[in-house]
Amino acid sequence: MNLQTPRLHLRPVRPNDAADLFIARGDAEVMRWWDRPPQNSVDEVRSIIANHAAEIDAGTVQWWAVALTPRGPAIGEVDLSEIDAHHRRAEVGYLFRREAWGKGYAFEAMTRVLRYGAEELGIERFAARLHDGNDASRRLIERLGFSYEGRLRGHVRRDGARRDCLLYGRQGASS
């Protein structure tokens, strides 16, 4: 399902988006707050895309490349994951290359994804999980209407250390 905002075009991630997504996924600063370290190659990103195909086909993940034009290069990615139709819940995620930071793209894209999730998929509850210390992401999530719900101590292992994650939640299409 393609989605659109006033400035952005969201299209399902495809294998040929791998090179564009690698610009963010291969950047240590962009990936600083991600569960996994930066990817090492376009082929690794292509493999990640392929590995998610079954989840996408099953309807438990929806993943979009974000571009400035319908066929333009991906400047970022947004997703709904852990989609549970029975409980009507999903987790949100986003990742943008550094050149796209500070322009409101993540807010605009996520606002559209949240509306799609609520109106088209019937999602009633959204969750977001952030690494402790990721203040920019925390501000974005709060601006999107999410509220802090708790701390997951030592939830992920990254670079040889356990990291706490902060859990945020939100009901429906608007807070």
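Note: the structure precedes this text.
Just so you know, these numbers come straight off a predicted model, no measurement behind them.

Draft legend 1. Focus on helix α5 (residues 135-143). Buried residues of α5: Ser137, Leu140 and Ile141, and no others. Angular distribution of buried residues about the axis of α5 spans 95°; they occupy a single face of the element. Directly after α5, the chain includes Gly145, whose backbone phi takes a positive value near 95°.

Draft legend 2. Geometry of the pattern of salt bridges. Here the structure, examined in full by the defined rule, presents 19 salt bridges. Salt-bridge contacts for Arg14 lead to Asp17; the nearest nitrogen and oxygen are separated by 3.8 Å. One connected set of salt bridges, linked through shared partners, spans Asp132, Arg151, Arg153 and Asp164.

Draft legend 3. Examining the environment of Pro38 more closely. Relative to the elements of secondary structure, Pro38 occurs in the loop between α1 (18-25) and α2 (42-51). Considered as a pair, Pro38 and Phe96 are 58 residues apart in the sequence and their alpha carbons are 13 Å apart. With sequence-adjacent residues up to four places away left out, Pro38 is seen in contact with Arg25, Gly26, Asp27, Ala28, Met31 and Arg158.

Draft legend 4. Broad picture of the pairing of strand β6 (residues 125-131). Across the 7 residues of β6, 5 count as buried, placing the element largely inside the fold. Sheet analysis places strand β5 (residues 89-96) next to β6, joined by 3 bridges and oriented parallel. Bridge assignment links Arg89 to a residue of β6, and that residue is Arg125.

Draft legend 5. Seen up close, α1. Every buried residue belonging to α1 is among Ala18, Leu21, Ala24 and Arg25, and all of these are buried. Considered in projection along α1, the buried side chains sweep an arc of 115° and stay on one side of the axis. The inward-facing, buried residues of α1 abut α2, β3 (62-67), β4 (74-84) and β5.

Draft legend 6. Layout of the nonpolar core. Among the nonpolar cores identified, the biggest contains 32 residues, and Leu10, Val78, Leu80, Val92, Phe96, Ile141 and Phe146 are the most heavily contacted of them. Broken down by secondary-structure element, the contributors of at least two residues to this core are β3, β4, β5, α4 (105-120), β6, α5 and β8 (161-171). Judged by nonpolar contacts, the second largest core, of 10 residues, contains Val13, Val45, Ile48 and Val61.

Draft legend 7. Representation of unusual backbone geometry. The phi torsion at Glu82 lies on the positive side, around 55°, for a residue other than glycine. By relative accessible area, Glu82 is classed as exposed at 59%. Phi angles above zero are rare outside glycine, and Asp159 is one such case at about 55°. With respect to the helices and strands, Asp159 occurs in the loop between β7 (147-158) and β8. The exposure class of Asp159 is exposed, given its relative accessible area of 60%.

Cut-off values and rules
- Numbers given for residues are sequential positions, taken from 1 along each chain in its written order.
- Selection of residues for local features in this predicted model requires a pLDDT of at least 70, selection of side-chain atom pairs for listing and counting requires 80 or more, and totals for whole chains, interfaces and linings are taken over all residues.
- Based on all heavy atoms of the structure, the side-chain values leave hydrogens and waters out of the count.
- For every residue, the accessible area obtained with a 1.4 Å probe (protein chains only) is divided by the maximum for its type, and the residue is called buried under 20%, exposed over 50%, and partly exposed between those limits.
- In this text, helices come from DSSP runs of H or I with a minimum length of four residues, and strands from runs of E with a minimum of two, each type numbered from the N-terminal end.
- This arc is built from the directions going out from the helix axis to the C-beta atoms.
- Salt bridges are defined as contacts in which a side-chain nitrogen from Lys or Arg sits within 4 Å of a carboxyl oxygen from Asp or Glu.
- Every residue pair with non-hydrogen atoms within 4.5 Å of one another is taken to be in contact.
- Criterion used throughout: strands pair if DSSP finds at least two bridges between them.
- What we call a nonpolar core is a set of buried Ala, Val, Leu, Ile, Met, Phe, Trp, Tyr and Cys residues that are connected through their side-chain atoms within 4.5 Å.

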